[in-house]
Amino acid sequence: MLSEIQRIKRFEVLAREYSADLFRYAMWMCGNEALARDLVQETFLRAWKALHRLQDEKAAKSWLITILRREYARTFERKVPPIANLDTVSEPESGEPGPDEQAEVSLLRAGIASLEEKYREPLLMQVVMGYSCQEIADELGISKNAVMTQLFRARQQLKEKLGKDGTTGNVHGLY
Amino acid sequence: MDFTEFKRKLGAEPRSSDPEFLAARNASAEHREAAAAAERFEERLEQALDIPVPSDLAAGLLDAPGRRQRRRRWPLALAASLVVAVGAAGLVYRSSHSWESVEAYVLDHYRHDGAKVLELAADGPAGDVQEVLGAFGLQAEPVLAGMVRLVKFCPAPGGKGAHMVLDTESGPVTVFYLPGTRVNDRQMIDFDGRQAMLVSLEHGAAVIVGGTGRSPAAYYTVVHDAIVPFDRRS
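**Describing the overall build of chain A**
Secondary structure assignment for chain A yields 8 helices and 0 strands. In chain A, the succession of helices and strands from N to C terminus is α-α-α-α-α-α-α-α. Buried positions account for 35% of the 175 residues belonging to chain A. By sequence separation, contacts in chain A at least 24 residues apart represent 65% of the contacts at least 6 residues apart.

**Some remarks on the nonpolar core**
A:A26, B:V175, B:A206, B:V207 and B:I208 are the most contacted members of the largest nonpolar core, which totals 108 residues. If you tally residues by element for this core, the top one is helix 1 (residues 4-30) of chain A, at 14 residues. If we ignore the near neighbours within four places in the chain, the residues touching B:I208 are B:V173, B:V175, B:A196, B:M197, B:V199, B:P216, B:Y219, B:Y220 and B:V223.

**Observations regarding the sheet that holds strand 7 (residues 204-209) of chain B**
Residues and elements named next belong to chain B. The antiparallel open sheet is built from 6 strands, whose spatial order is 2-3-4-7-6-5. Looking along the sheet, the strands with just one partner apiece sit at the ends: strand 2 (148-156) and strand 5 (188-191). The average undirected angle you get between the axes of adjacent strands in this sheet is 20°. Note: strand 4 (residues 171-179) against strand 7, 6 bridges, orientation antiparallel.

**Describing the packing of helix 5 (residues 117-127) of chain A against helix 6 (residues 133-140) of chain A**
All names here are of chain A. Running from N to C, helix 5 and helix 6 cross one another at 130°; their axes reach a closest spacing of 10 Å. As summarised for this structure, helix 5 and helix 6 are arranged oblique, according to the angle between their axes. For the pair helix 5 and helix 6, the sense of crossing is right-handed. Residues P122, M125 and Q126 of helix 5 form the contact with helix 6, whose participating residues are I136, E139 and L140. Residues of the contact of helix 5 with helix 6, tallied by class, amount to 4 nonpolar, 1 polar and 1 charged.

**Here's the deal with helix 2 (residues 33-49) of chain A**
Between its terminal C-alpha atoms helix 2 of chain A stretches 24 Å, which fits the 24 Å expected from 17 residues at 1.5 Å a residue. For helix 2 of chain A, every residue scored as buried is listed here: A:A36, A:L39, A:V40, A:Q41, A:T43, A:F44, A:A47 and A:W48.

**Here's the deal with the pairing of strand 3 (residues 159-168) of chain B**
All names here are of chain B. In terms of strand pairing, strand 2 meets strand 3 through 8 bridges, oriented antiparallel. Residue V151 lies in a different strand from strand 3, and its bridge partner there is M164. Linkage of strand 2 to strand 3, two consecutive antiparallel strands, is achieved through a turn of 2 residues. One ladder, built from 7 bridges, connects strand 3 with strand 4; its direction is antiparallel. Across the sheet, the residue bridging to H163 is F176, located in strand 4. Joining the antiparallel neighbours strand 3 and strand 4 is a turn of 2 residues.

**Details of the confidence of the model for chain B**
Residue and element names in this part refer to chain B. When pLDDT is averaged along chain B, the result is 80; 83% of the residues meet or exceed 70. Low pLDDT (under 50) marks residues 65-96, which in the prediction has 56 contacts with non-local residues, meaning those over four places away or in another chain. This prediction of the complex comes with two scores: 0.54 for pTM and 0.81 for ipTM.

Criteria and thresholds
- Residues numbered from 1 in each chain as written.
- Chains lettered and ligands numbered in written order.
- Predicted model: local features only at pLDDT ≥ 70, side-chain atom pairs only at ≥ 80, totals over all residues.
- Helix = DSSP H or I, 4+ residues; strand = E, 2+ residues; numbered from the N terminus.
- Buried ≥ 20, exposed ≤ 12 C-beta atoms within 10 Å, placed from the backbone.
- Contact = placed C-beta atoms within 7 Å.
- Core = buried A, V, L, I, M, F, W, Y, C linked by C-beta atoms within 7 Å.
- Pairing = 2+ DSSP bridges.
- Axes fitted to C-alpha atoms, helices over the stretch in contact; angles between N-to-C directions.
- Parallel < 35°, antiparallel > 145°, perpendicular 65-115°, else oblique.
- Left-handed = near helix turned anticlockwise from the far one by under 90°.
- Nonpolar A, V, L, I, M, F, W, Y, C, P; charged D, E, K, R; others polar.
- Expected span 1.5 Å × (residues − 1).
- pLDDT = per-residue confidence, 0-100.

Here it is, written out as structure tokens:
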């Protein structure tokens, strides 16, 4: 049984370690900052209440994402919100991309937002959350092969999107 | 692993550590070229997905209902470290935002984390005002330094600014320092039931945001006269 101090410390670690990635994940799923923030808040609130059930620290990430996905499903049971234009958000400070790179990033953001959820979600799990294909398969309850197919198609569609919009030479170098 | 299978794996799991896949990356010039292109795409994909996170997200989680009371008893060091984290994240979040006017900035900034920073200040003092202002070549006169309850870096129209909470007789007062920004001295802004006053300084500007229904004008002189360049401290 956790003491209150241990519980607080453990929660603090979880919040610091995973809140940013969970927010990005939620943001890409629902496309709205206020909703994404609520989803993350609700996820951590539930995590706080059920912290004693988390036996293995290594399972924390998947435990949190499961809670968040459940919350997301509950929130949007009847209505799937359109993904907002996430390109309006600013770039992170580091690496100052040039105009070509910015154009590619803009196209990619639009492409990711327009992906069907069955393609977007495994891609987010892999790139944002750092899941392996097997972990994605376990989370989504589908086979590893199905996950690999979805990931392949997700990337294919994004590459096609970049190609179709025919932007800079850099884009063609991405293939 | 033949090239078709290699391409499939590249499209599905380009960062796989599977030894067979890793070995295949160097199997031929064709393999190497495909792997390099996939790597370039992954880098761009990561950039696209890496959207900024609100600066006050972590603080908001720690303030969640049911935990609020406990957090208030947490050690000062934790509150201070949180302020630093919130400040650093805030800089990234707003780093390339621009505001149409100082008024727009004040509204955006205060609505974004004004209340949250006041809450943090209520938990205990945090930050070193001389250190933060020192980053702008400035110092706080003792009259101001003695009032600063919390100070941190924050986003500002010119890039980085300072966010302070002053302990005053009439309650906490928020002050933003905006380096290199010109404002109409003593101009008032009304928003959300509170008032803000713009203060023109020699090397920038400050904004004093009063509490609900309280005028910030009483603190004009201390802010105007007590944020001074290093070489002008009395």
